[in-house]
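# Breakdown of the fold
Each chain, letter by letter, is given below.
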Amino acid sequence: MGIAIMGLMNFTTNPIPIVDSEFLKKLREKFEKFCSQLPEDRVYLQFDKPFYKPGETIWFSAYVRNGADLKPSLKSEILHVELISPKGNAEKELRLIAKHGKTKGDFLLGEEIPGGLYKIKAYTNWQKNEETCFEKEIQVQKVILPNLKMKLNFERKAFGPGDDVIAKIELNTNENKPLSNYRFRFIANIDGSKYLEKN
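Since we're looking at a predicted model, the values are computed, not measured. (Residues numbered from 1 in each chain as written. Predicted model: local features only at pLDDT ≥ 70, side-chain atom pairs only at ≥ 80, totals over all residues. Heavy atoms only, no water.)

### Description of the sheet that holds strand β4 (residues 78-84)
Pairing in this open sheet of 5 strands is mixed, and the strands run β2-β8-β7-β4-β5 from one edge to the other. In this open sheet, the two strands that pair with only one neighbour each are β2 (51-52) and β5 (90-97). In this sheet, strand β8 (residues 134-140) lies alongside β2 in parallel orientation, the contact comprising 2 bridges. Considered in β8, the bridge of Y52 is made with V140. (Pairing = 2+ DSSP bridges. Helix = DSSP H or I, 4+ residues; strand = E, 2+ residues; numbered from the N terminus.)

Dropping the structure here:
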């Protein structure tokens, strides 16, 4: 009985290390090998401005980085960038070469392009089947004289047949003051046909 107690006391005063350092070393080596074979890319785009008019050019700089250390990606040199319309269709596509993790590009917007919320999507070949690609919404809208800041917010992102479409419009001066003592007229179009017009 006394021997068993002594053994227990020795165990508690000199605990055996639970973690084997050789095991951790091998695990780290396997993880580093996995990361080098399948790097997780990170893509970021920087734009010249947040708001565009039809006929203008969307200029951007793009950065392709390793997910682990944010250094320039050595595996991914091809960057795919798409301009997606409010209807969800890819209007334009670019394939850019990112040397040392950097590249630049642009999308020219046509004069007759419909206004709305467009989306810029960018990804590398490693990100094609993942949800880690870069996405940003871009507002495209005609400027109405006098120069005003006009914002149109829909209650929902999508509407189905028979749904009521509810939207809120905000009109401000260039100094971000509410527009007052002005009359304005609005026209609502559906598929290019006039649906509603009010003063």
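There is more to say, and it comes next.
### Remarks on unusual backbone geometry
The phi dihedral of H100 falls on the positive side, at around 55°, and the residue is not glycine. Within the element layout of this structure, H100 appears in the loop between β5 and β6 (102-108).

### A short note on the pattern of salt bridges
On inspection of all chains with the given rule, the structure shows 4 salt bridges. For K49, the salt bridge identified is with E56, shortest N-O distance 3.1 Å. Between K157 and E137 there is a salt bridge, with its nearest N and O atoms 3.8 Å apart. Of this pair, K157 sits in the loop between β9 (149-154) and β10 (167-172) while E137 sits in strand β8, placing them 20 residues apart in sequence. Its relative accessible area of 81% is what places K157 among the exposed residues. (Salt bridge = Lys/Arg side-chain N within 4 Å of Asp/Glu carboxyl O. Buried < 20%, exposed > 50% of the residue type's maximum accessible area, 1.4 Å probe, protein only.)

### Here we look at the side chain of T103
Considering the arrangement of structural elements, one finds T103 in strand β6. Since its relative accessible area comes to 13%, T103 is described here as buried. Engagement of the side chain of T103 in a polar contact is seen with the backbone oxygen of I97, the distance being 3.2 Å. Apart from the residues lying within four places of it in its own chain, the contact partners of T103 are S61, A62, L79, L96, I97 and A98. (Polar contact = N/O pair within 3.5 Å; in protein donor to acceptor, adjacent residues only side chain to side chain. Contact = heavy atoms within 4.5 Å.)

### Digging into the packing of aromatic side chains
Tallied over the entire structure, the rule returns 4 aromatic pairs. Seen from their ring centres, F47 and F60 are 6.1 Å apart, and the 55° between their planes marks the pair as tilted. Here the residue F47 occupies a position in strand β1 (residues 41-47), and F60 occupies one in strand β3 (residues 57-66), the gap between them amounting to 13 residues. Each of the two residues, F47 as well as F60, counts as buried. Relative to F159, the ring of F154 has its centre 6.3 Å away and its plane inclined at 65°; by these criteria the two rings are edge-to-face. Judged by relative accessible area, which is 46%, F154 ranks as partly exposed. The structure contains a cluster of three or more aromatic residues connected by ring pairs, namely F47, F60 and F107. (Phe/Tyr/Trp six-rings, centres within 6.5 Å; stacked < 30°, edge-to-face > 60°.)

### Digging into the pairing of β8
Bridging between strand β7 (residues 116-124) and β8 involves 7 bridges; their strand directions are antiparallel. Among the inter-strand pairings, L117 is bridged to a residue of β8, identified as Q139.

### Some thoughts on the confidence of the model for the chain
Across the chain, pLDDT averages 80, with 82% of residues at or above 70. Confidence, read as mean pLDDT per element, is least for helix α1 (residues 2-13) in the chain (45) and greatest for β6 (95). In the predicted structure, residues 1-12 sits below a pLDDT of 50 and forms 1 contact with residues beyond four places in sequence or in another chain. (pLDDT = per-residue confidence, 0-100.)

### Examining the environment of T173
With respect to the helices and strands, T173 occurs in the loop between β10 and β11 (186-190). Each residue touching T173, except ones within four places of it in the same chain, is listed here: K149 and L179.

### What about the nonpolar core?
In this structure, L45, F47, I58, F60, V81 and I120 are the most contacted members of the largest nonpolar core, which totals 22 residues. Looking at this core, the elements that each hand over two or more residues are β1, β3, β4, β7 and β8. Per element, the largest residue contribution to this core is 4 residues, and it comes from β3. For F60, the residues in contact, after removing those within four places along its chain, are L45, Q46, F47, V81, L94, L96, K104, G105, D106 and F107. (Core = buried A, V, L, I, M, F, W, Y, C linked by side-chain atoms within 4.5 Å.)

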